[in-house]
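As a plain string of letters, each chain reads:
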Amino acid sequence: MAQRILPPSESWRRIDTWLAAHAASDAARLNPPATRDELQRAERLLGTPLPGDLAESLRCHNGVSAWSAFLPEQSPLTVSGVVDRWRTCRDVAAENDGLTRRPWDDEPWWHPLWIPWAEGADGGAQVIDQRPGPDAGRLGWAGHGGGGDFTDAWPDLASLLHAVARALTEGGGVRGLHPYLTARGELWWDEEGREEIDGHPLRPAPVGPP
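Structure report, in brief.

Conventions adopted
Residues numbered from 1 in each chain as written. Predicted model: local features only at pLDDT ≥ 70, side-chain atom pairs only at ≥ 80, totals over all residues. Heavy atoms only, no water. 1 Å grid on protein atoms, 1.4 Å probe; cavity = no way out; pocket = protein on both sides within 12 Å on 5 of 7 lines; lining within 4 Å. Points joined across faces, edges and corners; volume = space filled by probe spheres on them. Helix = DSSP H or I, 4+ residues; strand = E, 2+ residues; numbered from the N terminus. Nonpolar A, V, L, I, M, F, W, Y, C, P; charged D, E, K, R; others polar. Contact = heavy atoms within 4.5 Å.

## Quick look at the layout of surface pockets
Space inside the largest pocket adds up to approximately 330 Å³. Among the elements that line the lining of the largest pocket, the one with the most residues is strand β4 (residues 139-142), at three residues. Looking at the lining of the largest pocket residue by residue, the classes come out as nine nonpolar, four polar and four charged. Looking at the lining of the second largest pocket, the elements that each hand over two or more residues are α2 (24-29), β6 (187-190) and β8 (200-204). In the lining of the second largest pocket, the residues fall into seven nonpolar, three polar and five charged.

## Let's talk about the environment of S75
By secondary structure assignment, the location of S75 is in strand β1 (residues 75-76). C-alpha separation for the pair S75 and V64, spaced eleven residues apart in sequence, amounts to 7.5 Å. Apart from the residues within four sequence positions on either side, S75 is in contact with V64, A66, W67, S68, A118 and E119.

Okay, structure coming up:
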């Protein structure tokens with residue numbers, strides 16, 4: 001029987017509860033919900049509706065106030081950050097033939113129907129692929145070096161948030177990454193068995209709600 005994936009709002013409720021109890025500094029970086037006007041303005045500027053999962057997520061938190069590692073490998077963008085990153089990547093791609101797939105790449109450098117929702121530590125954008133077809137809604141990386149990368153892509157944002165909420169409250173990892181707390185009490189994701197990062201200790205994150 002297939003597992004029921006929680007909607008983003010329910011996953012965020014579980015993540016919020018965990019962060020408030022165990023990683024207060026991360027919880028403090030989460031912004032209040034985006035307003036209806038902010039979401040509608042973003043859709044006008046993008047020229048396309050926001051992905052449903054992303055809109056629901058932004059109605060929980062309008063991104064973060066500073067880059068954070070409480071999600072594995074990505075930090076959520078604000079509504080304005082989504083639009084700014086999309087515009088920048090579109091403009092750069094248009095000026096450098098980045099909208100066309102190169103023979104050695106599976107994907108172009110950028111596509112107008114890729115909606116950025118988060119960014120990695122290396123500056124790359126994690127996008128939601130809005131192109132019509134069976135893969136619509138999947139997550140991938142784009143806007144950095146080479147073509148877009150959808151290798152082992154999450155099928156949608158809801159699935160990623162569900163996996164994070166489940167790892168924090170029930171135990172386990174998220175595709176090989178496990179939750180830890182740093183010496184500063186911040187959430188960090190790394191391979192199983194890690195005991196330190198950059199010379200500073202890591203300890204396994206507590207499992208379960210308070």
